[in-house]
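Spelled out, the chains give:
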Amino acid sequence: MGNYDESLPVVTGTVVNNSTKEDESDFSGKGEKQTPKCRDPIFALLLYINVAAIAAVVGVYGVDGGTSDAGDTDEDTTIEGFEGYIYVAIATGAFGLLFSALSLMVLMRIPQILIKTSLIMTVVLSGVWAAIAFAAGNLVGGIIGAIIFALSCCYAYSVWSRIPFATANLVTACKAVSSNCGITIAAYFFAALSFAWSVLWSVAIVAVQDRTTTCVEDENGIEVCESINTGFLFLLFLSFFFTQQVIQNTLHVSVAGVVGTWWFSPDDNGCCSSAVTGSMIRSLTTSFGSICFGSLIVAIIQALRQLANQMRQQDDGILLCLAECILSCLESIVEYFNKWAYVYVGIYGYSYLEAGKNVMILFKNRGWEAIIADDLVSRTLFLLSLVVGGVAGGVGAAAANFTDWFDGIEGNTSAISFL
């Protein structure tokens, strides 16, 4: 618990700011504890139906997918071909966990330096982009890079004075999570659950494709298969993104609840503290419908975007390109809005719509302060993610070069292992 800089402010129990009494009374974005009850239950029911439907498809049609008349020889060859990648995945995953823990310790020790570094790197990289574009004779790319460089400089100059506030937020959040380390275990559990869902859904989509499409040989003897019906494809994409969003957002709401509980009861901490268990129980029961509500909205947008992307591969028209771009922007906006709404859900127990109203009030009264602090912290976490990912990828590439895991396998195994 002591792996953080004691000189940095860790605020608990009360909000500390320089607002006057009048300013504080005008701010109505502060939440109030809600009466515990199941909120937005219809959307939780939709998720259960969704998972049951995919499981039914796999159970009825997916079992035959593992049976083949090709013989054991081809199967053994396939398994041997993937053994090296499995070993690399295990090795990089283990090193990734180790470096993630180390990065958290570094983050607790020098948070302000890391925030400044991430902000400066944004400016430097945009300048490098512009310089490379001009050097390569790409005038348009150079001009765009120069504009982004100028905007980055202005942004860095404008928010530099907000770095201490962002630092206090970051240190407080890290302290809350490290004091209730059980939520970290929950994060790994949800990551495993997300992987299991991806595998289940992959089997389901293969089964649907196998049952709904036909393949014929063209004049060159090449087998050509028609694509899955657009309606089925949309429903499958919606099913996948809906469940993935729920898994991610359940963890998000749980973390928000842990931090909120720790804020007012900092002495109640530990691996299985009431903050961890209580937040997890609320996320999976009374607040689960609200989580599913917001997740479904994002999932619909993601499914439409993925469908537009699939259609672009067949007919790369300007309208499909515009549709995909608009859906991408809309997805980012809704996801950012949800990130804040789920904080109200996790801490106070609001329904999704009530939480959304409070977020709008928060942005109306204190929007730029909250957004800037969140952006600075997000940049720092992204920087650490890149470092951890790069180191883990380097371990994978080294394993490909200095072990016999990929003997007899053609291709650039180092690059694949790094990725």
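Residues numbered from 1 in each chain as written. Predicted model: local features only at pLDDT ≥ 70, side-chain atom pairs only at ≥ 80, totals over all residues. Heavy atoms only, no water.

1. Some words on the overall build of the protein
Counting secondary structure elements, the protein contains 13 helices and two strands. Burial analysis of the protein (419 residues in total) assigns 37% to the buried set. The contacts in the protein between residues at least 6 apart in sequence include a share of 78% that link residues at least 24 apart. Carbon and sulfur atoms make up 66% of the accessible area of the protein, which totals about 23800 Å². (Helix = DSSP H or I, 4+ residues; strand = E, 2+ residues; numbered from the N terminus. Buried < 20%, exposed > 50% of the residue type's maximum accessible area, 1.4 Å probe, protein only. Contact = heavy atoms within 4.5 Å. Areas by Shrake-Rupley, 256 points an atom, 1.4 Å probe, with all protein chains shown as cover.)

2. With respect to the pattern of salt bridges
Inspection of the entire model under this criterion finds two salt bridges. A salt bridge links Arg 305 to Glu 331; the nearest nitrogen and oxygen atoms lie 3.0 Å apart. Remark: Glu 331 occurs in helix H11 (residues 318-348) and Arg 305 occurs in helix H10 (residues 288-314); sequence separation between them is 26 residues. A relative accessible area of 9% means that Glu 331 is categorised as buried. Asp 375 is the salt-bridge partner of Arg 379, the closest N and O atoms lying 2.8 Å from each other. Remark: Asp 375 and Arg 379 occur in helix H12 (residues 352-402); sequence separation between them is four residues, near one turn of the helix. Classification of Asp 375 by relative accessible area gives partly exposed; the value is 24%. (Salt bridge = Lys/Arg side-chain N within 4 Å of Asp/Glu carboxyl O.)

3. Thoughts on the nonpolar core
Counting residues in each nonpolar core, the largest one holds 47 residues, and the members touching the most others are Ile 54, Trp 201, Phe 242, Val 246, Cys 292 and Tyr 344. No other element matches helix H8 (residues 230-264), which puts 12 residues into this core. Of all hydrophobic cores here, the second largest spans 17 residues; its members include Leu 114, Ile 115, Val 123 and Ile 372. (Core = buried A, V, L, I, M, F, W, Y, C linked by side-chain atoms within 4.5 Å.)

4. So, the packing of H8 against H10
At a minimum axis separation of 7 Å, H8 and H10 run at an interaxial angle of 140°. For the element pair H8 / H10, the angle class is oblique. Remark: the crossing between H8 and H10 carries right-handed chirality. For the contact of H8 with H10, a count of residues per class yields 18 nonpolar, eight polar and no charged. (Axes fitted to C-alpha atoms, helices over the stretch in contact; angles between N-to-C directions. Parallel < 35°, antiparallel > 145°, perpendicular 65-115°, else oblique. Left-handed = near helix turned anticlockwise from the far one by under 90°. Nonpolar A, V, L, I, M, F, W, Y, C, P; charged D, E, K, R; others polar.)

5. A closer look at the environment of Ala 256
Secondary-structure assignment places Ala 256 in helix H8. For the pair Ala 256 and Gly 346, spaced 90 residues apart in sequence, the C-alpha separation works out to 5.3 Å. Not counting residues up to four positions away in its chain, the partners in contact with Ala 256 are Tyr 342, Val 343, Gly 346 and Ile 347.

6. A word on the packing of aromatic side chains
Summed over the entire model, instances satisfying the criterion amount to 13 aromatic pairs. Ring centres of Phe 43 and Phe 293 lie 4.0 Å apart, and the angle between their planes is 10°; on these two criteria the pair is classed as stacked. Here Phe 293 lies in helix H10 and Phe 43 lies in helix H2 (residues 41-62), a separation of 250 residues in the sequence. The two residues Phe 43 and Phe 293 agree in class, both being buried. Connected via pairs of aromatic rings, a cluster forms that spans Phe 43, Phe 293, Tyr 342 and Tyr 352. (Phe/Tyr/Trp six-rings, centres within 6.5 Å; stacked < 30°, edge-to-face > 60°.)

7. A short note on unusual backbone geometry
Peptide bonds are mostly trans, and most non-glycine residues show a negative phi. Look at Asp 40: it is not a glycine, yet its phi comes out positive at around 50°. Inspection of the secondary structure puts Asp 40 in the loop between helix H1 (21-26) and H2.

8. Things to note about the side chain of Ser 194
Looking at where Ser 194 falls in the secondary structure, it is placed in helix H7 (residues 182-212). Overall, Ser 194 belongs to the buried group, its relative accessible area being 18%. There is a polar contact of 2.5 Å between the side chain of Ser 194 and the side chain of Gln 244. Not counting chain neighbours up to four residues away, the residues in contact with Ser 194 comprise Gln 244 and Ile 247. (Polar contact = N/O pair within 3.5 Å; in protein donor to acceptor, adjacent residues only side chain to side chain.)

9. As for the confidence of the model for the protein
Taken residue by residue, the protein gives an average pLDDT of 79. The fraction at 70 or more is 79%. Predicted confidence for residues 13-27 stays below pLDDT 50, and this span has 11 contacts to residues more than four positions away or in other chains. Predicted confidence is poor over residues 65-81, with pLDDT under 50, and the contacts of this stretch with residues over four places away or in other chains come to one contact. (pLDDT = per-residue confidence, 0-100.)

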